[in-house]
Amino acid sequence: MTRKRTVADRLSDALGAVLGTTELPVRLRGWDGSITGPAGAPVVAVNSRRALRRMLWSPGQLGIGRAYVAGEIDMEDDVFATFTALRSDSRLAQEKPPTHWSWRDRLRLLGTALRLGALGPEPAPPPEEAPPVDGGRHSRARDAAAIAHHYDVGNDFYSLVLGPSMVYSCAVWSSPETGLDAAQEAKLDLVCRKLGLVPGSRLLDVGCGWGSMAIHAARHHGATVVGVTLSEEQALLARKRVAEAGLTDKIEIRVQDYRAVDDGPFDAISSIGMAEHVGRAQMPGYVDQLNRLLRPGGRLLNHAISWNAGVSTWRPDSFIARYVFPDGELLNLGETVSLLESRDLEVLDVEALRQHYALTLRAWVQHLEQNWDAAVAASSEGRARVWRLYMAASALTFEAGDMGVNQVLLQKTGGEQPPLRRTAWI
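In this convention, every chain numbers its residues from 1, walking through the sequence in written order. Side-chain atom pairs in this predicted model are given and counted only at pLDDT of 80 or more, local residue features only at pLDDT of at least 70, and totals for whole chains, interfaces and linings cover all residues. Heavy atoms from the whole structure form the basis of all side-chain values; hydrogens and water molecules are not counted.

Student: Tell me about the packing of helix α2 (residues 49–57) against helix α6 (residues 103–115), and please be specific about residues and values.
Tutor: Two measures define how a pair of helices packs: the angle their axes make with one another and the distance between the axes. Lines are fitted to the C-alpha atoms to define the axes, a helix being fitted only along its stretch in contact, and any angle between axes, read from their N-to-C directions, falls within 0 to 180 degrees. Numbered from the N terminus, helices here are DSSP runs of H or I no shorter than four residues, and strands are runs of E no shorter than two. Direction vectors running N to C along α2 and α6 enclose 150 degrees, while the axes themselves pass 10 Å from each other. Here α2 lies roughly antiparallel to α6, going by the angle between them. Where α2 crosses over α6, the handedness of that crossing is left-handed. Of the residues in α6, those in contact with Leu-52, Met-55 and Leu-56 of α2 are Leu-109, Leu-110, Thr-112 and Ala-113. Residue composition of the contact of α2 with α6, by class: six nonpolar, one polar and no charged. By the definition adopted for this analysis, an angle is roughly parallel if under 35 degrees, roughly antiparallel if over 145, roughly perpendicular if from 65 to 115, and oblique otherwise. Put simply, a crossing is left-handed when the front helix is turned counterclockwise from the back one by less than a right angle, and right-handed when it is turned clockwise. Here, residues are in contact when the closest pair of their heavy atoms is within 4.5 Å. Note on residue categories: nonpolar means Ala, Val, Leu, Ile, Met, Phe, Trp, Tyr, Cys or Pro, charged means Asp, Glu, Lys or Arg, and polar means any other residue, Gly included.

See the structure below:
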């Protein structure tokens, strides 16, 4: 006698269609309590028909992401083990859009939704999804809205995730046992040494975050710093931290677009985790502006994530674009170096920090999970789910080598000669 197929059995067809696989990589628990899938695999719970409806209307990572943010899908086991299983030989790892789906997979998903009574109108996205923004991509108004979506989610929330260092970029680890705060301190000091900061140096920190780089440069290297950000909340806390450090005479924090800065020249410019927001088409203007603001002989350090898995394209239907970095765009390292270097800007050094970012992201996920209830109270459960999903998935992407992060150091010609060897800053 043939066993009646359970909700979990039928959901396995839907997930297989979304992942583009025939062998289910996880165990599935249906909303009726039924379970199926390989023994010992991480368990993914589908809590309602609405999750299936989201996957039907928005196949791929966006539909699954929306269902997870809304609490309609849960992970019952370790987040990294679950994502590793889901990414294994699937479309989620390959980032293929739904237009690449076969008709067979489309029919599998539609048939499952029909049998489980999940057909219906498209559910509204969770409120954590970025709303559509008017204006051309990377206009000043639209960039400000994109930055606000990501960074103005509450300083208390970020403090729980980032820890005391309040640095939201890749740390530099001497070993996995270093600890996040020490690794972030090492990164900030490495940047200052690469830039050749000395007492009296004038530094522009583009995308200054909560002021950690500015404070380190002023306190430990005697620099005078202008930090610019588009986030009102970041600027508010950065100014408070500067005042508490007794450095108001050496640091100015502005809410200002880097394109509006006109009080150069600066001896050095740091851009740490900011170029990802610029966009490929705007990179020449970004480089021209920073070049104009540098004095002859001044140095620029561009610290940015790179996309290593082929040609990067901006996809408005990706989870990252809708929930994390609206209008963000990653270039590969070769593109970045080609755009940064010019007759006026000479490349002195390129350092790859891919493995360091994987360690950093794992530390942030650990902080978030340890402080889950407080993080939810400081923002929303949906927001905490967004950050958990994107940071854990990003850690695995760095570990797989599909993304990297690189520091490119350049010096403007016409001033003093650079050091003969990079031993000057390592």
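Student: So what about the sheet that holds strand β4 (residues 73–75)? Which residues, and what values?
Tutor: Here a strand pair is declared whenever DSSP counts at least two bridges between the two strands. Strands sit in the order β2-β1-β3-β4 across an open sheet of four strands; the sheet is mixed. With one partner strand each, in any of the chains shown, β2 (35–36) and β4 form the two edges of the open sheet. Sheet topology places strand β1 (residues 27–29) next to β2; two bridges connect them, and they run antiparallel. Bridged to Arg-29 within β2 is Ile-35.

Student: Please set out the sheet that holds strand β10 (residues 345–352) residue by residue, giving values where relevant.
Tutor: Within a sheet, neighbouring strands are paired by backbone hydrogen bonds and run either parallel or antiparallel to one another. Ordered in space as β7-β6-β5-β8-β9-β11-β10, the seven strands form an open sheet in which the pairing is mixed. This sheet does not close on itself; its edge strands, each paired only once, are β7 (251–255) and β10. Adjacent strand axes in the sheet meet at a mean angle of 15 degrees, parallel and antiparallel pairs treated alike. In the sheet, strand β9 (residues 294–307) pairs with strand β11 (residues 403–412) via nine bridges, with the strands oriented antiparallel. Looking at β11, one finds that Leu-300 is bridged to Leu-410.

Student: Could you give me a rundown of the side chain of Ser-318, with the residues and numbers involved?
Tutor: With respect to the helices and strands, Ser-318 occurs in the loop between β9 and α13 (319–324). To sort residues, take the accessible area from a 1.4 Å probe on protein chains only and compare it with the maximum for the residue type: under 20% means buried, over 50% means exposed, and anything in between is partly exposed. Residue Ser-318 is classed as buried on the basis of its relative accessible area, which comes to 11%. For this analysis, a polar contact is any N or O atom pair within 3.5 Å, provided that within protein one partner can donate a hydrogen and the other can accept it, and provided that sequence-adjacent residues contribute only side-chain to side-chain pairs. In this structure the side chain of Ser-318 is engaged in a polar contact, spanning 3.2 Å, whose partner is the backbone nitrogen of Ala-321. Contacts of Ser-318, omitting those with residues within four sequence positions, involve Gln-61 and Leu-62.

Student: Outline the pattern of salt bridges, supporting the account with residue identities and numerical values.
Tutor: Within this document, salt bridges are pairs made up of a side-chain nitrogen of Lys or Arg and a carboxyl oxygen of Asp or Glu, the two lying within 4 Å of each other. The final tally for this structure, using the stated rule, is 26 salt bridges. Of the charged contacts, one joins Glu-76 and Arg-29 as a salt bridge, the two residues approaching to 2.9 Å between their closest N and O atoms. With Glu-76 in the loop between β4 and α4 (79–87) and Arg-29 in strand β1, this pair connects stretches of sequence that are 47 residues apart. Given the relative accessible area of 40%, Glu-76 is considered partly exposed. For Arg-29, a relative accessible area of 28% translates into the label partly exposed. Of the charged contacts in the structure, one is a salt bridge between Arg-254 and Asp-263, with a shortest N-O distance of 2.5 Å. The exposure class of Arg-254 is buried, given its relative accessible area of 15%. One salt-bridge network, held together by shared partners, links Arg-66, Glu-122, Glu-129 and Arg-322.

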